[in-house]
Every structure is written in structure tokens, then in C-alpha cells.
Amino acid sequence: MGWTEGCGGTQGCPMTDTAAPRPSGSRPDASSPAPSWHARPAAREWRCPPPPAEVRAFHNSLPEYAPTPLTEAPSLAAELGVGRVFVKDESARLGLPAFKALGAYWAVHRVLARQPSGAPLELVTATDGNHGRAVARIARRLGQRAHVFVSHGVHPGAAAAIEGEGARVTRVRGSYDQAVRAAADAVRAAGSVLVQDTAWEGYEEVPAWIVEGYSTLFAEVDAQLAAAGAGSPHLVAVPVGVGSLAQAAVTHYRSRDGRGPALLAVEPTAAAPALASLVRGEPLPVTTEETVMAGLNCGTVSRLAWPVLRQGLDAALTVTDADALAAALDLGVLGVSSGPCGAAALAGVRAALTGAAAPARREDLAVGPHAMVVLLNTEGREANPHGA
Ligand SMILES: Cc1ncc(COP(=O)(O)O)c(C=O)c1O
């Protein structure tokens, strides 16, 4: 395993200011306390084009593919004062403990499809855990090499798992945004390609494929709810890092006829660029702090995600590490393996639907006592074994 300082300064860095995300050094409007809730009920009326249909067929063709479980949790419905709660359990997705392989595999498939020579490739990426492991796994499976830049704060077990996939791992002494810059800088040689799950100006094609790949998760939820006779959800809670998964959620639910669910973005209080940007009304990178929600520890919203989230997200809030860890334990008791990033969805819905502010927030989300809620449990405990 190698080490690098990353590329956090503005001097001597080969990337331009409009390229890979750069730590801003500025908290969101440090002069006033950051609000912890943002709502835009008009988002449910917004519409966008659907994701491409061929993604599902691609995932279906993978030998290890199977839909992940959608587990009903009546005790959570009672606690939250809603009709039904379902947990989409991504703790075992394509043989990995998080949803990320859906995007990485589809993107790598598209990258390789346009390689004329079939010559070996090095797949380069930065990660705060799960995406890097997915890239490393698919590289090994396809006989390619992977070089993964792992940001500070990723659980040692998660970093070791990436190495265990046969990838070359470089630990970055810095944030996720710095790791992204280090990875982008490393893609210089021919035969080396960046497979990053966040977009910036001039780097949008691969992240768009990654977002497309996530569409399978939502298509599965539709089919599973229909099979359960449950109808359409009223609220879907999505853990947010750079916002690509939330972009996929908005794209799925806002590209259909009829009034879709309210979509709730949940970020750690230590790293909440989506909330800061939504409040400001323009992209606003933030300085991140330590959080057990390592996969959500990102300082900059993806350039592709931002316009979609701004228009199509109903609400955003933040949760603390303690709330996420408690939610992970509670999901574990219900038989759903959950790491703190995955459990952020439950922690976020608890914050939105219970407590003193709940009546107004329920109104913002149009969530009544009979509402059906879907929580995206995006990682299992093995992915990010904090508190284990
Ligand atoms: C477990 C988990 N949940 C949610 C997310 C958030 O996805 P995104 O960065 O696309 O917002 C990540 C990102 O790495 C993750 O690892």
C-alpha cells in the first residue's frame, strides 16, 4: 500500500480550477448556523428523461446478479407513525457489501466497449470505501488492473478489502475530494482510465454511466413493491455523498407519470455539501470532518447531480454519527445488516418524521399516517464496520 499527500493546494497541481473537486477551505456560510433542513415540495412536479433501459438487461446478464431483498419492517412503521416501511437491503449486492457495483460494473462495461484494441487497461479511481472495492473487483474479474486512491478516514478493514481484490492501493493523507484529485492526476499514461463516481467540468461521461447503473436498484424496488401489493412509495430516503445515487433516485421517480414520492437526501452533519448547496441555491463545496459514515464523507456535489437534485429533491437533512450508529444497530436487530452509511436513511427519516419539528416536515413531505416509506440501506455492516 502506498501513500500520497494528495493534491490539496492550488499551486503545482496539474488540474485546472474547473477540473476535479478541490477542497474549498470554506465551510458553508460560516457566519450563520447551518440550517439542518431544506424542503422544496414543488420538486414532485418536476420531470426529467428516464434512464436507459439496457442497464437492467446488462445486470441481468451477470452470473452473480440477483435482486437484493426488500424487507418490510412493521416495527419501524409503528415507530415512525406511517403505514408501511420497506428497507432495500444492499448489504449483499453482486457479491459485495454495498450497492456501488451496480454503477461501477456498468461504467466499466461501457469503457471497455469503446476500447478499440482490447489492450489491457488500468482502472483508476478514488474512493471513500465502497466504490473503490467495486472497481477493484470488476477489474480483477475482467483481467484488468486497478489503482485505487483511498481517502483518510476509510475504515482499515474497508481499505484492506480493496487490496484483497488485487488492486494497487494508495492511501491519501487527505479528504475524499483530495483523493479524487490525486486519482485524476494519476491518469496520465495511455492505457489508464479514470472510473470516478462524481463529475466535474470536462469529466462527465463515466460518472453519467455510473448513475445509469444505479437505476437497476430502483427498478427492483418497483417490482418488489408491486409483488408485495404495496403500491407506490410516498417517501424514499437516500444517503448522499457526492449525490450520484440521489441523482439516480430523482431520475427514476421523476421520469414517470403521476405524482412520485417525496425524495429525502440524508447527509452526515460532518459532510453536507448537498444541503449547503440547496440552501444556497448554487453548488457550494464544504470542508468535511471525520464521520463514521465514510462513504458519505464528500465535500463536493457531483456536477451532473447538482441540477437534478436542485430541481427534483424534496428535502435534505443531516444526521449525526450517533444517530447513524444507533440506526445501524436497530436495523441489525431487524435482521438487516447495515453499516452507518446505509443506516443514515433510517436515521434521516427518524429525524424528519419524529420530534418537535415533525408536523411541519411531514407536511413538506406530504407524509401522512398511512404513507409508505422506502429506506435505502446502501451498505452492510461488513462494508464499513464502525461500531462493530
Ligand atoms: C454505502 C454508501 N451509501 C451511499 C453513498 C452515497 O452515494 P453518492 O456518493 O452517489 O451520493 C455511498 C457512496 O460512496 C456509499 O458508499
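Residues numbered from 1 in each chain as written. Predicted model: local features only at pLDDT ≥ 70, side-chain atom pairs only at ≥ 80, totals over all residues.

## Side note on the pairing of strand β6 (residues 145-150)
For the record, the criterion: Counting other C-beta atoms within 10 Å of a residue's own tells you its class, since 20 or more makes it buried, 12 or fewer makes it exposed, and anything in between is partly exposed; those C-beta atoms are placed from the backbone. Helical segments are the DSSP runs of H or I of at least four residues, strand segments are the runs of E of at least two, and each set is numbered from the N terminus. Look down the strands so they point away from you; if the path from the first strand over the helix to the second goes clockwise, the crossover is right-handed. In this analysis, strands are considered paired if DSSP registers two or more bridges between them.
The buried fraction of β6 is high, at 5 of 6 residues. Between the parallel elements strand β5 (residues 122-127) and β6, the chain passes through helix α4 (residues 130-141) in a crossover that is right-handed. Sheet topology places β6 next to strand β7 (residues 168-172); 4 bridges connect them, and they run parallel. Looking at β7, one finds that Val-150 is bridged to Arg-171. Between the parallel elements β6 and β7, the chain passes through helix α5 (residues 156-164) in a crossover that is right-handed.

## A few points about α4
Working note: α-helix, 3.6 residues per turn, so residues spaced by three or four point in the same direction. How we decide: Helix span, as expected, comes to 1.5 Å for every residue beyond the first. With C-beta atoms placed from the backbone, a contact is any residue pair whose C-beta atoms sit within 7 Å.
If you check α4, its first and last C-alpha atoms are 17 Å apart, about what 12 residues at 1.5 Å a residue would give, namely 16 Å. The buried count for α4 comes to 10 of 12 residues, which makes it a mostly enclosed element. Along α4, the positions that sit buried rather than exposed are Asn-130, His-131, Gly-132, Arg-133, Ala-134, Val-135, Ala-136, Arg-137, Ile-138 and Ala-139. The secondary structure elements touched by the buried residues of α4 are α3 (101-113), β5, β6 and α5. A positive phi of about 75 degrees marks Gly-143, the residue just after α4.

## Brief notes about helix α11 (residues 321-333)
The end-to-end C-alpha distance of α11, which contains 13 residues, comes to 19 Å, matching closely the 18 Å that a straight helix rising 1.5 Å per residue would cover. Against β4 (84-89), β11 (315-319), α12 (340-353) and β12 (372-377) lie the buried residues of α11. In the stretch just after α11, Gly-335 is the one whose phi turns positive, near 90 degrees.

## What to know about the domain arrangement of the protein
We apply this condition: Domain limits in this description derive from either an automatic procedure or a database domain assignment.
Considered domain by domain, the protein is made up of domain 1 (38-99 + 207-383) and domain 2 (100-202). Relative placement of domain 1 and domain 2: their C-alpha centres are 24 Å apart. Each side of the interface is counted separately: domain 1 has 33 residues, and domain 2 has 29 residues. Broken down by secondary-structure element, the contributors of at least two residues to the side of domain 1 that touches domain 2 are α1 (54-60) and α7 (205-227). Residue contributions to the side of domain 1 that touches domain 2 peak at 9 residues, all from α7.

## Observations regarding the site of the ligand
Definition in use: Only the C-beta atom, placed from the backbone, is used; a residue is near a molecule or strand if that atom lies within 6 Å of it. Here the nonpolar group is Ala, Val, Leu, Ile, Met, Phe, Trp, Tyr, Cys and Pro; Asp, Glu, Lys and Arg are the charged ones; every other residue, Gly included, is treated as polar.
Surveying the vicinity of the ligand reveals 22 residues, the closest of which are Gly-241, Ser-244, Gly-295, Thr-378 and Glu-379. Elements with a minimum of two residues in the shell around the ligand: α4, α8 (244-253) and α12. Top element by residues in the shell around the ligand is α8. It accounts for 3 residues. Here the shell around the ligand is built from residues that sort into 9 nonpolar, 9 polar and 4 charged. The residues that make up the shell around the ligand include at least three from each of domain 1 (38-99 + 207-383) and domain 2 (100-202).

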